[in-house]
Amino acid sequence: MIVTEKLFEIEDQTEKLVQAILASDSIVSYKINRQSMYHSKDVREKQKAFLDAKDSFERIEAYGKYAPDFRTKQRAVRQAKRALDISEEVAEFRFSETEVQTILDLVGMAVAKTISDDIKVDAGNPFFEKGKHSGCGGSCHAS
């Protein structure tokens, strides 16, 4: 790669874009929600309960239905995970995380589309519908 003035201009524009994204309400909200989640005693307790249940289940998982309490421990993991996921702090964090991912997907698509409509961008959100996905279109697993 040859270093030219154009490369420096691109670098400057990239830095401005990064700063604009970092100053956005979505990023500010994301950081606040992340901080709130990591400092929540309730979240830490639910996370510990989930990890304990998961560890207990993983010890017997290889034995499948023949292990004593297999279904009970499997259900305990699901319940602990659900309790963690519906915690207000975790739910708000995940919502703001998805919002940030959508912004990054839109930026990536805008850059790709500026260059060519044929460039495929892999969006981080599986439900992202604006633009082309870099997948195989469903034919790569055909037998």
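Thresholds, definitions, all that
Within each chain, residues carry numbers counting from 1 in the order of the written sequence. For a predicted model such as this one, the threshold for reporting local features is a pLDDT of at least 70, and the threshold for listing and counting side-chain atom pairs is 80 or more; totals across whole chains, interfaces and linings nevertheless cover every residue. Side-chain metrics rest on all non-hydrogen atoms present in the structure, leaving aside hydrogens and water. What counts as a helix is a DSSP run of H or I of at least four residues, what counts as a strand is a run of E of at least two, and both are numbered from the N terminus. What a helix should span is 1.5 Å times the count of its residues minus one. Buried means the residue's accessible area, taken with a 1.4 Å probe over protein chains only, is under 20% of the maximum for its type, while exposed means over 50%, and partly exposed covers the values in between. Picture the helix axis, draw a direction to every C-beta atom, and the arc is the one those directions span. The contact definition used throughout considers only heavy atoms, calling two residues in contact when any of these lie within 4.5 Å. Axes, fitted as lines to C-alpha atoms, cover a helix only where it is in contact. Angles between the N-to-C directions of the axes lie from 0 to 180 degrees. Under this scheme an angle from 65 to 115 degrees is roughly perpendicular, one under 35 degrees roughly parallel, and one over 145 degrees roughly antiparallel; angles in between are oblique. Crossing handedness is read from the near helix: turned anticlockwise from the far helix by less than a right angle, it gives a left-handed crossing, and turned clockwise, a right-handed one.

## Remarks on helix H4 (residues 70–85)
Then, number 1: For H4, built from 16 residues, the straight-helix expectation of 22 Å at 1.5 Å per residue is met to within 8% by its first-to-last C-alpha distance of 23 Å.
Then, number 2: Turning to H4, its buried residues are Phe-70, Gln-74, Val-77, Ala-80 and Leu-84. Projected down its long axis, H4 shows its buried positions confined to an angular sector of 125°, all on one face. Exposed and facing more than 90 degrees away from the buried side of H4 are Arg-71, Thr-72, Arg-75, Arg-78, Gln-79 and Arg-82.
Then, number 3: On the buried face of H4, the contacting elements are helix H3 (41–60) and helix H5 (88–115).

## So, the packing of helix H2 (residues 25–38) against H5
Then, number 1: At a closest axis distance of 9 Å, the pairing of H2 and H5 adopts a crossing angle of 150°. Compared by their axis directions, H2 and H5 come out roughly antiparallel. The way H2 lies across H5 gives a crossing that is left-handed. Here Ser-26, Ile-27, Ser-29, Tyr-30, Asn-33, Arg-34, Ser-36 and Met-37 of H2 lie close against H5, whose contacting residues are Glu-89, Val-90, Glu-92, Phe-93, Ser-96, Glu-97, Glu-99, Val-100 and Ile-103.

In short, the description is geometric, and any link to function would need to be established separately.
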